[in-house]
Amino acid sequence: MPIRMKEVDVVLVGGGMTAAIVGKHLAEAGKTVVALERGPMRDTVPDFQSPSMHDELKYSIRYALMQNAATQTLSFRNFVGQEALPMRQLGSFLPADGVGGAMVHWNGQTWRFQPEWFRLKSWTEERYGKDHVGDDVTIQDWGVSYEELEPHYDFFEKVCGIGGFAGNLRGETRAGGNPFEGPRQNDYPNPPMKQPLSGKLFADAASGLGYHPFPMPSANQTRAYTNPYGAEMQPCMYCGYCETYGCEHFAKASPQIAILPAAMKNSNFSIRPRSHVIRIEHDKDARIATGVTYVDAQGREVFQPAGMVVLCAFAHHNPILLLQSGIGEPYDPATRKGTVGRNYSYQTMTAVSVFYDGTQRINPYMGAGALGTVIDDWNNGSFDHSGLGFVGGGYIAANQTSGRPINHHPVPDGTPRWGRAWKEAVARHYNSTVTLSLHGSSTPHPGNHLGLDRTYTDAYGQPLGMMTFDFPYNDRLMARHLTGKMREIGQAMGGRSISVSWLADHYSIAPYQTTHNSGGAIMGTDPRTSVVNRYLQSWDLHNLWIMGASAFPQNAGYNPTGTVGSLTYWALQAITGDYLKNPRPLVQA
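Residues numbered from 1 in each chain as written. Predicted model: local features only at pLDDT ≥ 70, side-chain atom pairs only at ≥ 80, totals over all residues. Heavy atoms only, no water.

> Let's hear about the overall build of the chain: which residues, and what values?
Counting secondary structure elements, the chain contains eleven helices and 22 strands. Relative to the globule expectation of 25 Å for 589 residues, the C-alpha radius of gyration of the chain, 23 Å, shows essentially globular dimensions. Here the chain holds 589 residues, and 61% of them are scored as buried. Taking contacts inside the chain between residues at least 6 apart in sequence as the whole, the part at least 24 apart equals 76%. Here the chain holds 49 positive side-chain charges and 51 negative ones, and the gap between their average locations is 3 Å. (Helix = DSSP H or I, 4+ residues; strand = E, 2+ residues; numbered from the N terminus. Rg over C-alpha atoms; globule rule 2.2 N^0.38 Å. Buried < 20%, exposed > 50% of the residue type's maximum accessible area, 1.4 Å probe, protein only. Contact = heavy atoms within 4.5 Å. Lys, Arg positive; Asp, Glu negative; His and termini not counted. Charge placed at Lys NZ, Arg CZ, Asp CG, Glu CD.)

> I'd like a description of the environment of Tyr344, backed by residues and values.
With respect to the helices and strands, the residue Tyr344 is situated in the loop between helix 8 (317-325) and strand 15 (348-355). When the C-alpha positions of Tyr344 and Arg274 are compared, they lie 28 Å apart, and in sequence the two are 70 residues distant. Sequence-distant contacts of Tyr344, that is, excluding residues within four places in its chain, are made with Phe93, Asn448, His449, Leu450, Met467, Phe469, Asn517, Ser518, Gly519 and Gly520. Polar side-chain contacts of Tyr344 include one of 2.9 Å to the side chain of Asn517. (Polar contact = N/O pair within 3.5 Å; in protein donor to acceptor, adjacent residues only side chain to side chain.)

> Now, about the sheet that holds strand 21 (residues 497-501): what can you tell me, with residues and values included?
With respect to topology, six strands assemble into an open sheet ordered 8-16-17-18-15-21, the strand pairing being antiparallel. Of all strands in the sheet, those bounded by a partner on one side alone are strand 8 (214-215) and strand 21. Taken together, the five bridges between strand 17 (residues 394-399) and strand 18 (residues 433-440) define a ladder with antiparallel strand orientation. Each bridged residue has a counterpart across the sheet, and for Gly394 the counterpart in strand 18 is Gly440. Lying over the sheet, helix 6 (residues 197-208) contacts strand 16 (372-375), strand 17 and strand 18, oriented at roughly 20 degrees with respect to strand 16. This element, helix 10 (residues 473-491), spans strand 15, strand 16, strand 17, strand 18 and strand 21 of the sheet and lies at about 20 degrees to strand 15. (Pairing = 2+ DSSP bridges. Axes fitted to C-alpha atoms, helices over the stretch in contact; angles between N-to-C directions.)

> Account for the pairing of strand 19 (residues 449-457), naming residues and giving values.
Here strand 19 pairs with strand 20 (residues 463-468) via six bridges, running antiparallel. Paired with Thr457 across the bridge in strand 20 is Pro463. Turn length for the strand 19-strand 20 hairpin, with the two strands adjacent in sequence and antiparallel, is five residues, and the turn residue Gly461 shows positive phi of about 80 degrees.

> Kindly report on the environment of Glu37, identifying the contributing residues and their values.
Inspection of the secondary structure assignment puts Glu37 in the loop between strand 3 (33-36) and helix 2 (44-47). C-alpha separation for the pair Glu37 and Pro273, spaced 236 residues apart in sequence, amounts to 4.7 Å. Apart from the residues lying within four places of it in its own chain, the contact partners of Glu37 are Gly14, Gly15, Gly16, Asp97, Gly98, Val99, Ile271, Arg272, Pro273, Arg274 and Ser275. Within the structure, the side chain of Glu37 is placed 2.9 Å from the backbone nitrogen of Gly15, a separation counted as a polar contact. In this structure the side chain of Glu37 is engaged in a polar contact, spanning 2.8 Å, whose partner is the backbone nitrogen of Gly39.

> Pulling in residues and values, what's your account of the environment of Asp135?
Secondary-structure assignment places Asp135 in the loop between helix 4 (120-128) and helix 5 (146-160). Take Asp135: its relative accessible area is 61%, and that puts it in the exposed class. Separated by 129 residues in the primary sequence, Asp135 and Met264 place their C-alpha atoms 48 Å from one another. In contact with Asp135, not counting residues within four places along its chain, are Arg336 and Pro446.

> Go over the packing of helix 1 (residues 17-28) against helix 11 (residues 561-577), please, and point to the residues and values.
Relative to each other, helix 1 and helix 11 sit at 25 degrees, their axes nearing to 10 Å. As far as their axial angle goes, helix 11 and helix 1 are roughly parallel. Handedness of the crossing formed by helix 1 with helix 11: right-handed. Here Met17, Thr18, Ile21, Val22, His25 and Leu26 of helix 1 come into contact with helix 11, specifically with Thr561, Val564, Gly565, Thr568, Tyr569, Leu572, Ile575 and Thr576. When its residues are assigned to classes, the contact of helix 1 with helix 11 shows eight nonpolar, six polar and no charged. (Parallel < 35°, antiparallel > 145°, perpendicular 65-115°, else oblique. Left-handed = near helix turned anticlockwise from the far one by under 90°. Nonpolar A, V, L, I, M, F, W, Y, C, P; charged D, E, K, R; others polar.)

> Could you give an account of the packing of helix 1 against helix 7 (residues 255-263), with specific residues and numbers?
Relative orientation of the contacting elements helix 1 and helix 7 amounts to 25 degrees, with a least axis distance of 9 Å. One way to sum up the angle between helix 1 and helix 7 is to call them roughly parallel. Helix 1 and helix 7 meet at a crossing whose hand is left-handed. Between helix 1 and helix 7, the residues in contact are Met17, Ala20, Ile21 and Lys24 and Pro255, Ile259, Leu260, Ala262 and Ala263, respectively. In terms of residue class, the contact of helix 1 with helix 7 is made up of eight nonpolar, no polar and one charged.

Have a look at this one:
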């Protein structure tokens, strides 16, 4: 018999960024809120301090801040019919474990999606016709527009102290910024990062080819800054320990630095670490969630009753928890019916390395997670797709995030993978190589989805989530076209040689590519094709809300955190401004 806790107004599943935002604002609205986080409590002091935080083996190789795959993991396959196998290590993407979530170990690259992404299906059909892509490209409109999200993007950028230079300020295009972004009402709250030589080499070549380079928007602070919550942040030291690390300098926006100090001052809000939620409890007749059941640090099963449940877990965990709880209709790839698990998507990454062979000194150890020079000329709304047979796109960047010794050893094609020749090549090229990357979109495919694998169970006896994913044909065409453009830039950068990393034949869950999973509990205007409405409210249970990238109908050619943040504030506006006064479905099915 589970232990029964005192009822609260709101229970949050997860203790990351969206939980911190939702918890803070609902506590201020007078609600009692508890966040259940499966991992430990962590804070900047003492948990993220050097020299221990600069242990590359511990944090980048052994993933000390990430989900323990021995406790909970996924089974994986590329296509329906293939045998799915449980993964002993999640290398492709990095779900966090602990308070602060994935925003503790992120790089800080903070984008707004172009307006076209939010109405991708309508935009594609209007511009190119209904036959531009096949019916195996199951793109959808979001049900919310860029214009509606713009004020929330703006506030999230202020909370995180984003540094950048606006390229479209109130409809006026400005040189030096991104001319392809949607109009913004305000410039970034901070100036952009100082650009390294790698960025200049890239910018010179890109400009020479007619493109429009600009500094990447960054949550690595560029000066001392106080955000709207009163959080004080410090300038980035360019130490190169962002991705897979916590920041000891109070310089990278994270929940611990930017949001939680203000949230924790309110006695209505609390975090309960080491609390692994295994099920959302609900009343089928009343069509409401009644709370959640979790396993606490002592291994006891606990029921937390609540008037409202908000899922704030990592992207694929939200739909898998819905499936484990029996909420919503599971997606069936054979019939294309059902919604939970539908439109799972990822990101499409390729790269080009430019080898200067000692003629340029790059100093890659001077880096930051969002230190980079970028062009957005090949993102979705920036160019004409006529005759190309695909939709989507991405940005191309020269990032200088890290020159750490274990992971950073660029060598040209044909170099032996070990031994004296490999060591000599690393010594020759370590300080004189620039790597470009394509951060490409991911369109949904009917076969790509999330489900349950009842062959295997996790440490709590729950069936594993099962991921079915491979790169769709649409995205292969996109990656081929844009990687060719990136190769042209690389060839114009004046190096002695280049190497190209084209998109692999099949997706592999083993090597790290990006942490950007999305979909599975998508938003929309039709309950037959979406799990939540335009306010991130469940179609099935009106007091169940789902935050995060699981709501994306498809993944754009950008990092998702800026859009996750703006969507959270958008949903909060609906909750506090309307729902709490009169709890009900905000959109009729």
